[in-house]
Amino acid sequence: METWFIYAIVASLCVGLFGFSQKIKAEMPEQSDNGFIFYTYIVFLLVGLAWSFMRGTLSELQDMQVAYYSFGIMLLYTIIVKTRLLSLKYVSSSTYFINYRVLSSLWLLLVGIVVFSETITLQEILGVFLWFIVFYLLIEKKDAQETKKNLQKGFFYLFIGSLCITALQSLNKWFIVSWWDVFALITYGGCFGMLFTFLLKWKETISQVLAIHSVKYGVFLLSSGVIFTIATITNNLAYISWDLAVVYKIISYSLFIPIILSIIIYKEHVSLKKLIAFILTLVSILLFI
């Protein structure tokens, strides 16, 4: 089995688990969204520093190009996590993660056509058509009490997140093919991510952002940070040997992890429309490969 494929599978599993950890956080309104993001980046930074120190590559942190790319990547990812946490307050996991992944696949397809002069195939056109059907099937409120305005908010945040992940994955690919060290990326990324968290804290105080109200929640934050770090490292390593679009499509299957776990743990309702949407999503992603 190809090394890049193993990395892509591990990345897909970790991305899915991290996605579900954000679902868990979204169900904890008493806990700070920014605190969740901040502590994830602390783990990110510590792993990057420790690994760079053990490998003797701390000197690579002097390369300002690495810093510039890390700045852009972490700004985009901070916006993605922030918009995801906000969107999941208004729409179900299945609605968010399916539309997020299929929509971002559509953006990547458009980037290929516009930027790299790639041609769109008949099966890709069919994949786009299936996504529109999936989108229609999954236009639903998180629960009966949600208003139409809240539903619109959920889709607005989803739309912003899908644009940002497209730009982020393109930057990730460019970073890796430039042969810069992924651990330098996450070291700088941790620093910038923590900075962006405080800039985006809005009405919260620093003490509210940093508050950890229980040992259980602290373990949850640590676990989420480790999963996120592994996902980032394996995602980037997969890009060393294979194409952006193919690796991203494999990672796209991660969407089923938070959906299935949300159905099991949070008892999210699975209607016939959702079941049809799941099947069409599988077909749609396959057509984009």
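How each quantity is defined
- Here the residue numbers are simple positions, counted from 1 along each chain's written sequence.
- In keeping with the predicted nature of the model, local features appear solely for residues at pLDDT of at least 70, side-chain atom pairs appear and are counted solely at 80 or more, and the whole-chain, interface and lining totals rest on all residues.
- Derived side-chain values reflect all non-hydrogen atoms in the structure, with water molecules and hydrogen atoms excluded from consideration.
- Every case where a carboxyl oxygen of Asp or Glu lies within 4 Å of a side-chain nitrogen of Lys or Arg is listed as a salt bridge.
- Only protein chains enter the accessibility calculation, which uses a 1.4 Å probe. A residue is then buried if its area is under 20% of the maximum for its type, exposed if over 50%, and partly exposed in between.
- Here a helix means four or more residues in a row that DSSP labels H or I, a strand means two or more in a row labelled E, and each is numbered from the N terminus.
- Note on ring pairs: Phe, Tyr and Trp rings are taken, using the six-membered ring of Trp, and paired if centres are within 6.5 Å. Classes follow the plane angle, with under 30 degrees stacked, over 60 edge-to-face and the rest tilted.
- Only when the NZ of Lys or the CZ of Arg is both within 6 Å of the ring centre and within 35 degrees of the ring normal is a charge said to sit over the ring.
- Whenever a helix is involved, its axis is fitted only over the stretch in contact; in every case the axis is a line through C-alpha atoms, and angles between N-to-C directions fall within 0 to 180 degrees.
- With respect to orientation, any angle under 35 degrees is reported as roughly parallel, any angle over 145 as roughly antiparallel, any angle of 65 to 115 as roughly perpendicular, and every other angle as oblique.
- The handedness criterion is simple: a crossing whose near helix is rotated anticlockwise from the far helix by less than a right angle is left-handed, and one whose near helix is rotated clockwise is right-handed.
- Gly is put with the polar residues, along with every residue not named as nonpolar or charged; the nonpolar set is Ala, Val, Leu, Ile, Met, Phe, Trp, Tyr, Cys and Pro, and the charged set is Asp, Glu, Lys and Arg.
- Distance thresholds for patches are 9 Å for like charges and 5 Å for nonpolar side chains (Val, Leu, Ile, Met, Phe, Trp, Tyr), applied to residues having over 30% relative accessible area and no salt bridge.
- All accessibility values rest on the Shrake-Rupley procedure with a 1.4 Å probe; residue burial counts only the protein chains present in the view.
- By the criterion applied in these results, polar contacts are pairs of N or O atoms within 3.5 Å in which, for protein atoms, one can donate a hydrogen and the other can accept it, and in which residues neighboring in sequence qualify only through two side-chain atoms.
- Here, two residues are considered to be in contact whenever any of their heavy atoms come within 4.5 Å of each other.
- Cavities and pockets were defined on a 1 Å grid built from protein atoms only: a cavity is a group of points that admits a 1.4 Å probe but offers it no way out, a pocket is an open group of points flanked by protein on both sides within 12 Å along at least five of seven lines, and a lining residue is one with an atom within 4 Å of any such point.
- Grid points are joined across faces, edges and corners, and a volume is the space filled by probe spheres set on the points.

What should I look at first to understand the pattern of salt bridges in this one?
Two side chains bearing opposite charge may form a pair once their charged atoms approach each other closely. Enumeration according to the criterion identifies three salt bridges in this entry. Linking Lys23 and Glu27 is a salt bridge whose minimum nitrogen-to-oxygen distance equals 2.8 Å. Among the residues examined, Lys23 registers a relative accessible area of 1% and is labelled buried. Since its relative accessible area comes to 32%, Glu27 is described here as partly exposed. The partner of Asp33 in a salt bridge is Lys25, with the nearest N and O atoms 2.8 Å apart. Overall, the relative accessible area of 8% leaves Asp33 in the buried class.

Is there a simple way to explain the environment of Leu130 in this structure?
Among the secondary structure elements, Leu130 is positioned in helix α5 (residues 122–137). Distance in space between the C-alpha atoms of Leu130 and Val102 is 9.6 Å, their sequence separation being 28 residues.

So what exactly am I meant to see when it comes to the packing of aromatic side chains here?
Aromatic ring pairs: the centre-centre distance and the angle between the two ring planes describe each pair. Counted under the stated rule, the structure contains 17 aromatic pairs. When the centroid spacing of 5.3 Å and the interplanar angle of 15° are considered together, the rings of Tyr96 and Tyr100 count as stacked. Residue Tyr96 and its partner Tyr100 are located together in helix α4 (residues 93–114), separated by four residues, close to a single helical turn. As far as burial versus exposure is concerned, Tyr96 and Tyr100 are alike and both buried. Taken together, the ring pairs connect Phe18, Phe36, Tyr41, Phe44, Tyr77, Tyr217, Phe220 and Phe228 into an aromatic cluster. Above the ring of Tyr266, the side-chain terminus of Lys23 is found at 5.3 Å from the ring centroid.

Is there a simple way to think about the packing of helix α2 (residues 33–55) against helix α7 (residues 182–199) in this case?
Each pair of packed helices can be summarised by the angle the axes make with each other and by the distance between the axes. Contact geometry of α2 with α7 gives a least axis separation of 7 Å together with a crossing angle of 155°. Between α2 and α7, the interaxial angle falls into the category roughly antiparallel. Note on packing geometry: the crossing formed by α2 with α7 is left-handed. When the residues that make up the contact of α2 with α7 are grouped by side-chain class, the tally is 15 nonpolar, eight polar and one charged.

Looking at this structure, how should I read a nonpolar patch on the surface?
A contiguous nonpolar patch, built from Leu272, Leu275, Ile276, Ile279 and Val283 and spanning about 440 Å² of accessible area, is present on the exposed surface. Among the secondary structure elements, Leu272 is positioned in helix α12 (residues 272–288). By relative accessible area, Leu272 is classed as exposed at 62%.

Before we go on, may I ask you to explain the side chain of Thr83 in this structure?
When you line up the elements, Thr83 lands in helix α3 (residues 64–87). Taking the relative accessible area as the measure of exposure, Thr83 reaches 8% and is therefore buried. For Thr83, the side chain forms a polar contact with the main-chain oxygen of Ile79, separated by 2.8 Å. With residues up to four places along the chain from it excluded, the contact list for Thr83 reads Tyr157, Ile160 and Gly161.

Can you walk me through empty space enclosed by the protein in this structure?
Leftover empty space is mapped by rolling, across the atoms, a probe with the size of a water molecule. In this structure the tally under the stated criterion is two cavities of 30 Å³ or more. By volume, the largest cavity is sized at about 270 Å³. Taken together, 21 residues line the largest cavity, and the ones lying closest to its centre are Tyr77, Leu168, Phe228, Thr232 and Asn235. Those elements that place two or more of their residues in the lining of the largest cavity are α1 (3–26), α3, α4, α6 (148–177) and α9 (215–241). Estimates place the volume of the second largest cavity at around 40 Å³. Val15, Gly16, Gly19, Arg84, Phe97, Arg101, Ser254, Leu255 and Pro258 together form the lining of the second largest cavity. Counting residues per element, the ones that place at least two in the lining of the second largest cavity are α1 and α4. Counting residues per element, the lining of the second largest cavity draws most heavily on α1, at three residues. Split into classes, the residues belonging to the lining of the second largest cavity amount to four nonpolar, three polar and two charged.

Any chance you could explain the packing of α3 against α7 here in plain terms?
Between α3 and α7, the shortest axis-to-axis distance is 8 Å and the interhelical angle comes to 50°. Between α3 and α7, the angle falls in the class oblique. α3 and α7 meet at a crossing whose hand is right-handed. Only Ala184, Leu185, Tyr188, Gly189, Phe192, Gly193 and Phe196 of α7 make contact with α3, whose side of the interface consists of Met64, Val66, Ala67, Ser70, Phe71, Ile73, Met74, Leu75 and Thr78.

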